[in-house]
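# Report on the structure
Below, each chain spelled out in residue letters.
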Amino acid sequence: MTRWYQEKKKEYFYKEAKRTGYRSRSAFKLKQIQRKFKIINKADFVLDFGAAPGGWSQVTNEIVGENGKIIGIDLSYIKPIKGIQFIQDDLTKKSTILKIKKIVGENGVDVILSDMSPNISGNYSIDHANSIYLCKQSLNLADQILKKNGNFLCKLFMGEEFDDFFNIFKIRFKNVKLYSPPASRKSSSEIYLIGRFFKK
Ligand SMILES: C[S@@+](CC[C@H](N)C(=O)[O-])C[C@H]1O[C@@H](n2cnc3c(N)ncnc32)[C@H](O)[C@@H]1O
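What comes next is a walk through the structure. Computed from a prediction, not measured in an experiment: that's the story for all the values here. (Residues numbered from 1 in each chain as written. Predicted model: local features only at pLDDT ≥ 70, side-chain atom pairs only at ≥ 80, totals over all residues. Heavy atoms only, no water.)

## As for the packing of aromatic side chains
- Here the structure, examined in full by the defined rule, presents 10 aromatic pairs.
- With 5.9 Å between their ring centres and 35° between their planes, Phe 152 and Phe 173 make a pair best called tilted. With a gap of 21 residues between them, Phe 152 in strand E5 (residues 146-157) and Phe 173 in strand E6 (residues 173-179) connect regions that are remote in the sequence.
- Using a relative accessible area of 0% as the deciding quantity, one classes Phe 152 as buried.
- Given a relative accessible area of 2%, Phe 173 falls into the buried group.
- Judged by centre distance (5.2 Å) and plane angle (20°), the ring pair of Phe 162 and Phe 166 falls under stacked. Here the residue Phe 162 and the residue Phe 166 both occupy positions in helix H6 (residues 162-170), the gap between them amounting to 4 residues, near one helical turn. (Phe/Tyr/Trp six-rings, centres within 6.5 Å; stacked < 30°, edge-to-face > 60°. Helix = DSSP H or I, 4+ residues; strand = E, 2+ residues; numbered from the N terminus. Buried < 20%, exposed > 50% of the residue type's maximum accessible area, 1.4 Å probe, protein only.)

What follows is the structure, encoded as structure tokens:
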């Protein structure tokens, strides 16, 4: 794909986000993933990790409807959205994990989404390792609070540790997919891991 075409595509999703009122271009990635894999259902309880500025939470809100529940967590402040609880905190901290577990309670959640990105250093290996670390944090929390048959979606920057992580990921779900939505830039090394039907 040419650079010109990539820029056009980026511009297109940027304009679409403005036109439709979504807070991020990423919102279209979740829409494309949802259309293909149906990871979120009506009335689900969903955790949205790395939620700022709130695009994925907006899309999720439309899907789960009035009887659903969403908690979004990010290092950054997120402008409120009616019916969604936002927590400004670091998901790699023990205190944040404890806070989330307390709010979720014994019944667990139906879906965990993570679009978390580490601070990009520009060094491919470091960015990849940090991305794997964030995915491991999410998966570790999934082990504790994702319901049996729940679904999990996680963004990852590709690299040398991928195979090892994928091995620990895939044994946890009955169905596993890797997907790069059209709204992702072709040049980007990001890929989405989708795990459906958590074995618990
Ligand atoms: C690509 S953005 C997410 C966009 C979002 N899905 C949307 O549609 O609006 C990635 C986010 O991950 C967050 N993030 C990175 N590390 C984090 C951490 N340790 N804890 C919480 N959030 C984190 C960043 O602050 C950033 O807002």
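## So, the site of the ligand
- Not every one of the 21 residues close to the ligand is listed here, only the nearest: Ser 24, Gly 55, Asp 74, Asp 90 and Asp 115.
- For the ligand, a nitrogen atom lies 2.8 Å from a polar atom in the side chain of Asp 90.
- Contact between the ligand and Asp 115: a nitrogen atom at 2.8 Å from a side-chain N or O atom of the residue.
- Of the residues belonging to the shell around the ligand, the class tally is 8 nonpolar, 8 polar and 5 charged. (Near = heavy atom within 4 Å. Polar contact = N/O pair within 3.5 Å; in protein donor to acceptor, adjacent residues only side chain to side chain. Nonpolar A, V, L, I, M, F, W, Y, C, P; charged D, E, K, R; others polar.)

## Some words on the sheet that holds E6
- The strand order across the open sheet built from 7 strands is E3-E2-E1-E4-E5-E7-E6, with neighbouring strands paired in mixed fashion. The open sheet terminates on both sides in strands that have one partner only, identified here as strand E3 (84-88) and E6. The sheet shows a mean angle of 15° between the axes of neighbouring strands, direction not considered.
- Sheet analysis places E5 next to strand E7 (residues 190-198), joined by 6 bridges and oriented antiparallel. Within the sheet, the bridge partner assigned to Lys 155 lies in E7 and is Tyr 192.
- With respect to the sheet, helix H3 (residues 55-64) is in contact with strand E1 (45-49), strand E2 (69-74), E3, strand E4 (109-114), E5 and E7, its orientation differing from that of E2 by roughly 170°.
- Running over the sheet, H6 touches E5, E6 and E7 and is turned about 145° from E6. (Pairing = 2+ DSSP bridges. Axes fitted to C-alpha atoms, helices over the stretch in contact; angles between N-to-C directions. Contact = heavy atoms within 4.5 Å.)

## Quick notes on helix H5 (residues 124-145)
- In this model, H5 (22 residues) spans 32 Å end to end at C-alpha, consistent with the 32 Å of a helix rising 1.5 Å per residue.
- Where H5 is concerned, the buried positions are Asp 127, His 128, Ser 131, Ile 132, Leu 134, Cys 135, Gln 137, Ser 138, Leu 139, Leu 141, Ala 142 and Ile 145.
- Its side-chain oxygen at 3.0 Å from the backbone nitrogen of Ser 125, Asn 123 defines the N-terminal cap of H5. (Expected span 1.5 Å × (residues − 1).)

## Some words on H6
- Residues of H6 that are buried include every one of Phe 162, Phe 165, Phe 166 and Phe 169, and no others. For H6, the angular spread of the buried residues around the axis is 100°, confining them to a single face. Of the exposed residues in H6, those oriented more than 90 degrees away from the buried face are Asp 163 and Asp 164.
- The inward-facing, buried residues of H6 contact H5, E5, E6 and E7. (Arc of directions from axis to C-beta.)

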